[in-house]
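Analysis of the macromolecular model
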Amino acid sequence: MVRLHSGGGCTNGRSEDNETTRDPECLSSSSENTRADGMNIDQMVAYMTEKLNFFLTLDISHENEIFKIGKVKSNIREVDRYSYEPVMISIGPYHHGTPAVLAMEKEKWFCLDYVLKLNQDKCLKDYLTTMEELEKQIRNSYSGEINMESGEFLQMILLDGCFLLVSFSGTGNVLFAQEFQERNVDRKLIRGDGTKARNSCTETGHDQFMMPTMDAEAFQQMLTSGILISHGNHIENNYHPETSKNCDDDKIGRWLASCYMHDLLLLENQIPFFVVKRIYELVAGKGKENLLVNKFAEHIEEIVSYYPKAVKGFCEPENFHHLLHLCHIYFRPTQNVEECHNHVKPHCAQNFLSLGRRYLKLSPATEANKQNRVVNQLVRWRQAVQYHEAGILFRKREFDYKFPHSLLDIKFAHGILDLPCLPIDQRTGCLFRNLIAFEQSSPQFGNYFTAYAAFMSQLLGMASDVTLLSRRGIIVHHMRSDQEVSILFTKLGKNVDFDPNGRCYLKSIWLAMEEHYQNRLNRWMAWLWQNHFSNPWLSLAALAALIVLICTILQSLFALLSYIKLTM
């Protein structure tokens, strides 16, 4: 048989019908070569059929699921590859086994040991069996092909799921219930010889390190202070009530938590959340998933607490696929911007000046061809300084706890652009890049953040634009200079697939701002105000000159009337 090579060329071999040695360069057009080519085609058919059946098998049980955990596109990764790769811990198959994260693998084993002790009615085999039942569904949740054997894949998923469950305090309620039960029904668990009863699962060796008892408040302090996972010590031997309140440990814990959150909110560092749910069901039983979801939502809400968000309390999200998706939900705009700006009523002054716009050509486009201009003109955001020179005012949108808004809720009406406060630090770029990459890989969840990043990258094109918005209190950054903030946002939109002329939640705002910018009267009034009335002394001088002019006109008018009376 002739072997099929990836290059598609022919190799030395023998035909089934004769013993003639084939030319490696396949230059002959004999019948032997024709049959050999036919055999190559047959092999290709068999190979492609096998691959086709493999991929169809992956989707046969989940053909209705359209969600995939994707990988960052190569052209986007080239801009800043370090924003998409974990530095301490890997979650999921994409970065599993990389040298940079191997040091933290032992922490996952400590978390697994801790989870196994929470419910001694379940043993390690029960958890692995559950993961095996979900293996095909988990593999199908990733857009890239996973080249891992089944055993290695199941071990990775179980360890990562237990790590997330423990790190996000998902077991806090279980521990509290277990502690309460031990305090009230401890007599039922004591044998006649004074030792605690053991079940079949604990006899396998998972109880060699017993977790010391503690109340829920102390356990929560341990989690928030970072003592649960730090320095490579075992979980059980790492908790001490007196050290949980120590300032130095608290600082170390905050630093570790910050590094962990950087890694856990990367697009390529995710596992499906239903894995964590199934592990939690084995620990706490079914019907308690809401407690787990609330715990994760509380932690993500604390991570993005510096940003304005509309999801509060009873409105916490329930259906999310992984941690970055949950973070994306908190940033979604709450209002339909298209409807809001389509129903904005103009001022009476604007109605009065419409005559000038139409007939004195104070606007570059008349009402007759406005629709053609909107349809044919390409969307182009302008810089903040340019809008400011056209008379657009930038105002910080104050947060209202009764009617909260998210970071993406931008409003424009009557020449005033209301922007929510945007805090910026060294971690902002990484978070924003992964949110954009999430939308690029999962377009079914919208392009809200991509549109916002495109808007801000144009609005903050220069350092002077950042300075302008910083003076208004809209941007509060901890970078070394305004230029760094401008560069950060300029790079956010590089190599990102975004069509500003397509469906975009900010398009109506752009149309309104562009119409205001193109209005000559607005630019004239803005120029007059910024150059002659911004200084109070110039304003007083202009007012005095206006009074003198009015007095001169009145004097001339009275003189004219007196002359007319004398001549009559």
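The notes below deal with the structure included here. Going along each chain's sequence as written, the residues are numbered from 1 onward. Only residues with pLDDT of 70 or above have their local features reported here, since the model is predicted, and side-chain atom pairs are shown and tallied only from 80 upward, although totals for entire chains, interfaces and linings are computed over all residues. Hydrogens are left out, water is left out, and the side-chain values use all remaining heavy atoms of the structure.

1. Regarding the sheet that holds strand β1 (residues 393-397)
The sheet built from three strands is open, its strands ordered β1-β3-β2 with mixed pairing. The two strands at the open ends of the sheet, each matched to only one other strand, are β1 and β2 (411-413). Geometrically, the sheet is characterised by an average inter-axis angle of 25° between neighbouring strands, direction not taken into account. Residue contacts follow a heavy-atom distance rule, with two residues in contact if any of their heavy atoms lie within 4.5 Å. A fitted line through C-alpha atoms serves as each axis, taken over the contacting stretch for helices, and the angle formed by two N-to-C directions is quoted from 0 to 180°. Think of it this way: any DSSP run of H or I at least four residues long counts as a helix, any run of E at least two long counts as a strand, and we number them from the N terminus. In the packing of helix α20 (residues 507-518) onto the sheet, the strands contacted are β2 and β3 (416-420), and the crossing angle to β2 comes to about 35°. The criterion for strand pairing is that DSSP finds at least two bridges linking the strands in question.

2. Structural notes on the packing of aromatic side chains
Classification of ring pairs uses Phe, Tyr and Trp, with its six-membered ring standing for Trp, and accepts pairs whose centres are within 6.5 Å; under 30 degrees between planes counts as stacked, over 60 as edge-to-face, and the remaining range as tilted. Inspection of the entire model under this criterion finds 15 aromatic pairs. Judged by centre distance (6.0 Å) and plane angle (45°), the rings of Tyr307 and Phe432 are tilted. In this pair, Tyr307 is assigned in the loop between α10 (289-303) and α11 (323-331) and Phe432 in helix α16 (residues 428-441), connecting sequence segments 125 residues apart. Each residue is placed in one exposure class: buried if its accessible area under a 1.4 Å probe, protein chains only, is under 20% of its type's maximum, exposed if it is over 50%, and partly exposed if it falls in between. Look at Tyr307 and you get buried, because its relative accessible area is 9%. With 4.8 Å between their ring centres and 70° between their planes, Phe432 and Phe449 make a pair best called edge-to-face.

3. What to know about the pattern of salt bridges
Definition used for salt bridges: Asp or Glu carboxyl oxygen within 4 Å of a side-chain nitrogen of Lys or Arg. Counted by the stated rule, this structure contains 15 salt bridges. With a shortest N-O distance of 3.8 Å, Asp80 and Arg433 are connected by a salt bridge. In this pair, Asp80 sits in the loop between α2 (74-77) and α3 (105-118) while Arg433 sits in helix α16, placing the two residues 353 residues apart along the sequence. Relative accessible area serves as the criterion here: at 25%, Asp80 is assigned to the partly exposed category. A salt bridge links Glu85 to Arg81; its shortest N-O distance comes to 3.1 Å.

4. A look at the environment of Leu154
Within the fold, Leu154 resides in helix α5 (residues 150-167). Sequence separation between Leu154 and Glu132 is 22 residues; the distance between their C-alpha atoms is 6.6 Å. Those residues within four positions of Leu154 in sequence are excluded, and the remaining contacts are Met131, Glu132 and Glu135.

5. Brief notes about the side chain of Glu105
You can see Glu105 is positioned in helix α3. Accessibility expressed as a relative area gives 14% for Glu105, which makes it buried. Setting aside chain neighbours within four positions, we find Glu105 in contact with Ser90 and His96.

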